[in-house]
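These are the residues of each chain, in order.
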Amino acid sequence: MERMRKLRAHIAPVDGHARGDSLGTQTFQGRGVFTSPSTIEVVEHGQQLGAESNPILHFRKAVIATGGRPFVPDNIPGLKEAPYTTNLSLFNLQQLPKRMVILGAGVVALEMAQAFASFGSEVTVLQRSRLLSRGDEEAAEAIKQTLEKEGVKFLSGVSVNEVTTIKEASNDDVLPLMSVSLSCAEHTESISLDCECLLLALGRTANVDALGLESAGVDFHPSKGILVNDFSQSVSNPDVYAVGDCVSDVFRLTHMSGEMAKVVVQNALFKGQWRLSTLVVPAVMYTDPEYATIGRIHVDENDNVVSPIENNEEVD
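Not measured: the values here are computed from a predicted model.

**Points about the nonpolar core**
Counting 31 residues, the largest nonpolar core has Phe34, Ile64, Leu213 and Ile226 as its most contacted members. When residues of this core are traced back to their parent elements, those giving at least two are strand 4 (62-64), helix 5 (213-216), strand 16 (240-242) and helix 6 (254-270). Of the residues forming this core, the biggest block, 5 residues, is contributed by helix 6. The contacts of Phe34, once residues within four sequence positions are left out, are Thr39, Ile40, Phe59, Ala62, Ile64, Leu211, Gly212, Leu213, Ser215, Ala216 and Val240. Membership of the second largest hydrophobic core comes to 27 residues, among which are Met112, Leu131, Leu132 and Tyr291.

**With respect to the confidence of the model for the chain**
Summarising the model, the chain shows a mean pLDDT of 91, and 96% of its residues fall at 70 or more. Here residues 309-316 is a poorly scored stretch, pLDDT under 50, and it has 24 contacts once near neighbours within four places are set aside; other chains count.

**Describing the sheet that holds strand 10 (residues 177-184)**
Spatially, 3 strands are ordered 9-10-11 in an open sheet, and the strand pairing comes out antiparallel. Of all the strands in the sheet, just strand 9 (159-167) and strand 11 (187-195) have a single pairing partner and so form its edges. The sheet shows a mean angle of 15° between the axes of neighbouring strands, taken without regard to direction. In the sheet, strand 10 pairs with strand 11 via 6 bridges, with the strands oriented antiparallel. What sits directly across from Ser179, in strand 11, is Asp194.

**Examining the environment of Ser223**
On the secondary structure map, Ser223 appears in the loop between strand 14 (220-221) and strand 15 (225-226). Residue classification places Ser223 among the partly exposed positions, given a relative accessible area of 32%. Residues Ser223 and Asp21, 202 residues apart in the sequence, show an inter-C-alpha distance of 32 Å. Not counting residues within four places of it along the chain, the set of residues in contact with Ser223 comprises Thr205, Ala206 and Arg252.

**Some details on the environment of His17**
Tracing the chain through its elements places His17 in helix 2 (residues 17-22). The class of His17 is partly exposed, set by a relative accessible area of 41%. With residues near it in sequence (within four places) discarded, His17 still touches Thr27 and Gln29.

**Considerations on the pairing of strand 7 (residues 122-126)**
Taking burial as the measure, the 5 residues of strand 7 include 4 buried ones, the bulk of the element. Here strand 6 (residues 99-103) pairs with strand 7 via 5 bridges, running parallel. Along strand 7, the bridge assignment pairs Ile102 with Val125. As paired strands, strand 7 and strand 8 (residues 153-155) are joined by 3 bridges and run parallel to one another.

Calculation rules
- Residues numbered from 1 in each chain as written.
- Predicted model: local features only at pLDDT ≥ 70, side-chain atom pairs only at ≥ 80, totals over all residues.
- Heavy atoms only, no water.
- Core = buried A, V, L, I, M, F, W, Y, C linked by side-chain atoms within 4.5 Å.
- Buried < 20%, exposed > 50% of the residue type's maximum accessible area, 1.4 Å probe, protein only.
- Helix = DSSP H or I, 4+ residues; strand = E, 2+ residues; numbered from the N terminus.
- Contact = heavy atoms within 4.5 Å.
- pLDDT = per-residue confidence, 0-100.
- Pairing = 2+ DSSP bridges.
- Axes fitted to C-alpha atoms, helices over the stretch in contact; angles between N-to-C directions.

Encoded structure:
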């Protein structure tokens, strides 16, 4: 983990503000909030929306690229107060957890289950439905059998009843201790699993809160994200574009965000007609064996994006 963090710190400046400034980009530090269909207020640190010192930016075209965050359920007692982990904080661990419980059965869940099992952790994956619910069922079963041979345990039909924090982490060298109470298909009665690491891998939620999208006339779904058409434009404000995890019904992939950015640059700045539905974007789950998919975004008769994949092909 320490080596990984050093490598991450080494490449971080590539995406930093200093590099953007060196390329001629003007950077404003603060929280951007739409105040009309053509203006954005930059709420600077320590200031409130509407403060006189906040810069007001007038735009002809705007791009929303606020990304997403791990989904955290609000209906599990004790979870919000527990020292759970997500993919954002997992790699900050200073110690290898003896026991890891993973809530979720998608790509992140399976990648991390295999990785930490290979490190020596006792890993249990809690799945509500089947593994890779949007993927190929046969491939999912093959991956499950492989992980089980490597020591990963799976519980199916899981409903988590409560998360109890037994002990908080006292410092970086002492991990917390939690207990997860659950019901599942493999047991007739509720059971409890103790763990030093509870990883939430339940998908992502779009970052669309407190952006002033209503003032901008930008339609959005509170968890799925901004509604766009085939040109990556807002369906309700053609001067606003959106890319990446903050967009509804597109792949939650870093390289998908990059491809969408190319579409926006061409369409917003050069009056292009590039379409999201022409993108054929591959994705790989880095388990062993690996699992790959490739497919296209689907749009309806009005050129609005409605589904992240069409005519999907799986390769295992």
